Amino acid sequence: MTAEEFPIFDAIVIGAGVIGGAIARELAKYNLQVAIVERNLRVAQETSAGNSGVVHGGFDPTPGTVNARLNLLGRHLYETEWFKELNFPHRNCHSIVLAFNDVEKKELDKLYDQGLTNGLKRNELEILTREQCLALEPNLNAKVVAGLLCTSSHSVDPVILTNKLVESALVNGARLFLGNAVTSIAKIADEFRVESTNQHARVETYRARFIINAAGHYADVIAGMIKDKDFSLRTRRGQYRILEKTERYMINDHILFMVPTIHGKGVIVAPMLDGRVLVGPTAEEGVAKEDTRLITIEKFEEVAVIAKKIIPGLRTERTCFVFSGSRSICVETDDFWIAASSKDKRFINVAGIASPGLSSAPAVAREVVGILRSQTELTEKTNFVREVIGDQARG
Ligand SMILES: Cc1cc2nc3c(=O)[nH]c(=O)nc-3n(C[C@H](O)[C@H](O)[C@H](O)COP(=O)(O)OP(=O)(O)OC[C@H]3O[C@@H](n4cnc5c(N)ncnc54)[C@H](O)[C@@H]3O)c2cc1C
C-alpha cells in the first residue's frame, strides 16, 4: 500500500469510552469523515464500564470549574436529547447526600448554595431534616441528622449508552476500528499519520486532519506521541460490590451519598437499573495504569463498611458481582483538560475526564466541536439520523 492509499479521515477519535463515543457522534452531525480507533475489541471496557452510572444534578463540582459548567449543560442535554434519542436504560432517581453530624450538616448547606451557584433551580434541591430523611428511606442509619435531596439526578447504564453513541456515529457514516492500539502519531505535511497495532500484531496506518485524543488513562501517552507535555495524569481507583436483588427492599428509591467533601467523592448505596444494589466506591490513589480495573480482597471488606454506615441492615455478604474503575485526574488543574495541543492545534486533548465525566459527556462533545469549528468550517448534515434503535456496534 502506498502512503496515499491509507484511509484518510477528517478526524480520528482515539478511544471508544463514553467520551470518545460522544465526540464521534457529535462530529458525525457534520459533513466530516470520522473514525474511532479503540484498543479493546469492544467499546466501553475501561473507566466507562467502571463507574456509578449516575448523571449528577450538578451541585457537587466547584463553581467556576470546567467540570461544573459541563456537568450542568451535560445533564440538560441528557434530559432534552440523549434520553429521547439513544434508546438506553435510564431512570430519574433522586439522590440524598446524608449528614451524620453537625460538621457534615454544614457541608450540606454549602453544597446547597454551591448547587444554586452552579445553576441548579431551587426546586431541584432541598435540605431535609432527620425525620424527612427517615420517612423517605426508613432503613437509613438512625444517626442521620440531615440530608440534601436533589431531584435532577438519573441512573444510566454507561456501557449500553456508549454502545449506542458509537452505533449512532456509525449509522451516520463514521468508521470504527476495534482491537487497534495506537502506537505512534507523526505529522507529515498537513496530515497526521496514525499507526496502530491490531490483535493479530498487524500494523494499520490511517491519515487524518484532526486527532481527538480521548484515550482515558492513556491520554498522556497518546499526547506524548507528538511530544505534548501540556498536562499529566494520575489515577484514583474505586472498587464496588453489587449486592443481590434480595437486598433491594432495603432501599426505597434514592441514590444515597455520604458527604463528598468529607468521605471522598461519590460514595454511595444505590438501586441499580437491573434491581440489584450498588455499593462503593473506594478511593485509592496512584494505581498503575494497568491496574485501574483491578479488584483487591482488602478493599472488598472496606466497601462493606461503607455500605453499613449508610444502611446498617444491608447484608453485604450477599455480594453477587464486583468491579472497579479509576478516575483519570489532571495533575495540573484537577479539572477536565479539553484543549488544542500547544504542539499542534489540530491535535485536541480531552483528558482528565474524572467524575462527573459521564454526566458531562454530551457537553464535552460539544466543547470539542467548538474547538474544531474555530479552526475549520463545519457544515451540518441534512440527513443526520438522531434516533438509534438497533444494536449494530455491540461486540
Ligand atoms: C469509581 C468511579 C465512579 C464514577 N462515577 C461517575 C458517576 O456516577 N457519574 C459521572 O458523571 N462520572 C462518573 N465517573 C467518571 C466517568 O466514569 C468517566 O469520566 C468516564 O467514564 C471517562 O470516559 P473516557 O471515555 O474518558 O475514558 P475510558 O472509558 O477509559 O475510555 C478511554 C478509551 O481509550 C482507549 N485507549 C487507551 N489507549 C488507547 C490506544 N493507545 N489506542 C486506542 N485506544 C486506546 C481505552 O481502551 C478506552 O476504551 C466515575 C469514575 C470512576 C472511576
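Residues numbered from 1 in each chain as written. Predicted model: local features only at pLDDT ≥ 70, side-chain atom pairs only at ≥ 80, totals over all residues. Heavy atoms only, no water.

Participant: Would you mind going over the overall build of the protein chain with me for this structure?
Facilitator: Along its length, the protein chain carries 9 helices and 20 strands. In terms of overall size, the protein chain behaves like a compact globule, its C-alpha atoms giving a radius of gyration of 21 Å where 395 residues would be expected to give roughly 21 Å. Taking the principal axes of its C-alpha atoms as reference, the protein chain extends roughly 70 × 40 × 40 Å. The 395 residues of the protein chain split such that 57% are buried. In the protein chain, once contacts between residues fewer than 6 apart in sequence are set aside, the share between residues at least 24 apart is 75%. Carbon and sulfur atoms make up 52% of the accessible area of the protein chain, which amounts to about 16300 Å² in all. The protein chain carries 48 positive and 49 negative side-chain charges, and their two centres are separated by 1 Å. (Helix = DSSP H or I, 4+ residues; strand = E, 2+ residues; numbered from the N terminus. Rg over C-alpha atoms; globule rule 2.2 N^0.38 Å. Buried < 20%, exposed > 50% of the residue type's maximum accessible area, 1.4 Å probe, protein only. Contact = heavy atoms within 4.5 Å. Areas by Shrake-Rupley, 256 points an atom, 1.4 Å probe, with all protein chains shown as cover. Lys, Arg positive; Asp, Glu negative; His and termini not counted. Charge placed at Lys NZ, Arg CZ, Asp CG, Glu CD.)

Participant: Can you walk me through helix α5 (residues 158–171) in this structure?
Facilitator: At 3.6 residues per turn, the α-helix brings residues three or four places apart onto the same side. With 14 residues, α5 should cover 20 Å at 1.5 Å per step; its first-to-last C-alpha distance of 20 Å lies within 8% of that length. Among the 14 residues that make up α5, 11 are buried, leaving the element largely enclosed by the rest of the structure. Within the span of α5, buried status applies to Pro-158, Leu-161, Thr-162, Asn-163, Lys-164, Leu-165, Val-166, Glu-167, Ser-168, Ala-169 and Leu-170. Tucked inside the fold, the buried residues of α5 contact α1 (18–27), β2 (34–37), α2 (66–85), β8 (154–156), β9 (175–177) and α9 (357–373). The opening residue of α5 is Asp-157, an N-cap whose side-chain oxygen sits 3.0 Å from the backbone nitrogen of Val-159. (Expected span 1.5 Å × (residues − 1). Polar contact = N/O pair within 3.5 Å; in protein donor to acceptor, adjacent residues only side chain to side chain.)

Participant: Quick question: what am I supposed to make of the packing of α2 against α9 here?
Facilitator: Between two packed helices, the angle of one axis relative to the other and the distance separating the axes together describe the packing. In the contact formed by α2 and α9, the axes pass within 6 Å of each other and the chain directions differ by 95°. Between α2 and α9, the angle is such that the two are roughly perpendicular. Of the residues in α9, those touching α2 at Asn-67, Arg-69, Leu-70, Asn-71, Leu-73, Gly-74, Arg-75, Leu-77, Tyr-78, Glu-81 and Trp-82 are Leu-358, Ser-359, Ser-360, Ala-361, Pro-362, Ala-363, Val-364, Arg-366 and Glu-367. Along the lines of polarity and charge, the residues of the contact of α2 with α9 split into 10 nonpolar, 5 polar and 5 charged. (Axes fitted to C-alpha atoms, helices over the stretch in contact; angles between N-to-C directions. Parallel < 35°, antiparallel > 145°, perpendicular 65-115°, else oblique. Nonpolar A, V, L, I, M, F, W, Y, C, P; charged D, E, K, R; others polar.)

Participant: Just to check I follow, could you spell out the side chain of Asn-180 for this structure?
Facilitator: By the element assignment, Asn-180 lies in strand β10 (residues 180–188). One polar contact links the side chain of Asn-180 to the main-chain carbonyl oxygen of Leu-178, over a distance of 2.9 Å. Among the polar contacts listed, one links the side chain of Asn-180 to the side chain of Tyr-206, at a separation of 3.3 Å. If we skip the residues at most four places from it in the chain, Asn-180 touches Val-37, Glu-38, Arg-39, Ser-196, Thr-197, Asn-198, Glu-204 and Tyr-206.

Participant: Where do I start with α2 in this structure?
Facilitator: At Tyr-78, α2 shows its maximal kink, close to 50°. Of the residues trailing α2, Asn-87 is marked for its positive phi of about 50°. (Bend = angle between axes of the 7 residues up to and from the residue.)

Participant: What exactly am I supposed to notice about the pairing of strand β7 (residues 146–150) here?
Facilitator: For a regular strand, the rule is simple: side chains alternate between the two faces of the sheet. Burial runs high along β7: 5 of the 5 residues are buried. Residue alternation in β7 divides its side chains into two sets, Ala-146, Leu-148 and Cys-150 and Gly-147 and Leu-149, and both sets are buried. Bridge count for strand β5 (residues 95–99) against β7 is 5 bridges, and the pairing is antiparallel. Residue Ile-96 lies in a different strand from β7, and its bridge partner there is Leu-149. Two elements, strand β6 (residues 125–129) and β7, share 5 bridges in a ladder whose sense is antiparallel. Residue pairing for β7: Ile-127 is matched across the bridge by Leu-148. (Pairing = 2+ DSSP bridges.)

Participant: Got a minute to help me understand the pattern of salt bridges in this structure?
Facilitator: Two side chains that carry opposite charge are able to pair once their charged atoms sit near each other. Taken as a whole, this structure holds 29 salt bridges when the rule is applied. Note that Asp-253 and Arg-91 form a salt bridge whose closest N and O atoms lie 3.0 Å from each other. Placement of Asp-253 in the loop between β13 (233–243) and β14 (255–258) and of Arg-91 in strand β4 (residues 90–92) is noted, with a sequence separation of 162 residues between them. Under the relative-accessibility criterion, Arg-91 is labelled partly exposed at 27%. Where Asp-253 meets Arg-248, a salt bridge forms, and the shortest distance between an N and an O atom there is 3.1 Å. (Salt bridge = Lys/Arg side-chain N within 4 Å of Asp/Glu carboxyl O.)

Participant: Could you clarify how one ought to interpret the domain arrangement of the protein chain in this entry?
Facilitator: Interfaces are often sized by the accessible area lost when the parts come together. The domain architecture assigned to the protein chain consists of domain 1 (1–91 + 153–232 + 332–395) and domain 2 (94–152 + 234–330). In this structure, domain 1 and domain 2 have C-alpha centres spaced 28 Å apart. Counting from both sides, the interface comprises 45 residues of domain 1 and, opposite them, 42 residues of domain 2. Counting each side, the surface lost to burial between domain 1 and domain 2 is near 3200 Å², with a carbon and sulfur contribution of 54%. Looking at the side of domain 1 facing domain 2, the largest losses of area belong to Phe-59, Ser-153 and His-217, adding up to 25% of the total buried there. Summed over the shared surface of domain 1 and domain 2, the number is 3 salt bridges. (Domains from an automatic or database assignment. Buried area = accessible area lost by both parts, 1.4 Å probe.)

Participant: How should the site of the ligand be read in this particular structure?
Facilitator: Taken together, 39 residues are adjacent to the ligand, and Glu-38, Ser-48, Val-54, Ile-353 and Ser-359 come closest. Interatomic distance of 3.1 Å between a backbone N/O atom of Ile-19 and an oxygen atom of the ligand. Within the complex, the protein chains bury 97% of what would otherwise be the 1000 Å² of accessible surface of the ligand. Where the shell around the ligand is concerned, the elements lending two or more residues are α1, β10, β18 (319–330) and α9. Looking at side-chain class alone, the shell around the ligand contains 18 nonpolar, 17 polar and 4 charged residues. Three or more residues apiece are contributed to the shell around the ligand by two domains, here domain 1 (1–91 + 153–232 + 332–395) and domain 2 (94–152 + 234–330). (Near = heavy atom within 4 Å.)

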